[in-house]
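Residues per chain, in single letters:
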Amino acid sequence: MDAATGLPDDDVENVQLLIEVGESLEAFETLCTQIYEREISLPSEEVRDLEFLGGVLGANRRFTDYLWEDASEA
């Protein structure tokens, strides 16, 4: 979440709460959705890391596929 500068504190808190109550998959999906909806550009490496995490959690690939639209090469 550190790389997602521009993500409002409320969104960060919601994701953290979901993690705390054991809803890791829901937290992941929420995080990816908010990054996309707020058009936050992540470095390509961060998107790849999210893809890996999503795979581990069993998330639908679409949650990271659309993050590539705004990915940067930095």
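Bear in mind that the values here come from a model prediction, so they are computed numbers and not experimental data.

Another aspect to go through is the packing of helix H2 (residues 24–37) against helix H3 (residues 44–57). Each packed pair of helices is defined by two parameters, the angle between the axes and the distance between the axes. The interhelical angle for the contact between H2 and H3, taken along N-to-C directions, is 150°, at an axis separation of 10 Å. Relative to H3, the element H2 lies roughly antiparallel. Crossing handedness for the pair H2 and H3: left-handed. Side by side, H2 and H3 meet where Ser24, Leu25, Phe28, Leu31 and Ile35 of the first sit next to Leu50, Leu53, Gly54 and Leu57 of the second. For the contact of H2 with H3, the class distribution of residues is seven nonpolar, two polar and no charged.

Between its first and last C-alpha, helix H1 (residues 9–20) extends 16 Å over 12 residues, near the 16 Å set by a 1.5 Å rise per residue. Those residues of H1 that fall on the buried side of the exposure criterion are Asp11, Val12 and Val15. Buried residues along H1 cover an arc of 100° about the axis, so they all sit on one side. Among the exposed residues of H1, those oriented more than 90 degrees off its buried face are Asp9, Asp10 and Glu20. In this fold, the buried residues of H1 make contact with H2.

We now examine H3. Given a rise of 1.5 Å per residue, 14 residues ought to cover 20 Å, and the 20 Å separating the end C-alpha atoms of H3 matches this to within 8%. The set of residues buried in H3 consists of Ser44, Val47, Leu50, Glu51 and Gly54. The arc that holds every buried residue of H3, seen down its axis, measures 115°, which confines them to one face. Away from its buried face by more than 90 degrees, H3 exposes Glu45, Phe52 and Val56. Buried residues along H3 sit in contact with H2 and helix H4 (62–65). Within two residues after H3, Gly58 carries a phi angle of roughly 85°, on the positive side.

What follows concerns the nonpolar core. With 16 residues, the main nonpolar core has Phe28, Leu31, Cys32, Ile35, Leu42, Leu50 and Leu67 as its most contacted residues. At the level of elements, H1, H2 and H3 are the ones that each hand at least two residues to this core. The greatest single-element share of this core, amounting to five residues, is contributed by H2. Setting aside residues no more than four positions away along its own chain, Leu67 makes contact with Cys32, Ile35, Tyr36, Val47 and Leu50.

Calculation criteria
- Residues numbered from 1 in each chain as written.
- Predicted model: local features only at pLDDT ≥ 70, side-chain atom pairs only at ≥ 80, totals over all residues.
- Heavy atoms only, no water.
- Axes fitted to C-alpha atoms, helices over the stretch in contact; angles between N-to-C directions.
- Helix = DSSP H or I, 4+ residues; strand = E, 2+ residues; numbered from the N terminus.
- Parallel < 35°, antiparallel > 145°, perpendicular 65-115°, else oblique.
- Left-handed = near helix turned anticlockwise from the far one by under 90°.
- Contact = heavy atoms within 4.5 Å.
- Nonpolar A, V, L, I, M, F, W, Y, C, P; charged D, E, K, R; others polar.
- Expected span 1.5 Å × (residues − 1).
- Buried < 20%, exposed > 50% of the residue type's maximum accessible area, 1.4 Å probe, protein only.
- Arc of directions from axis to C-beta.
- Core = buried A, V, L, I, M, F, W, Y, C linked by side-chain atoms within 4.5 Å.

All quantities given are derived from atomic positions and should not be read as evidence of function.
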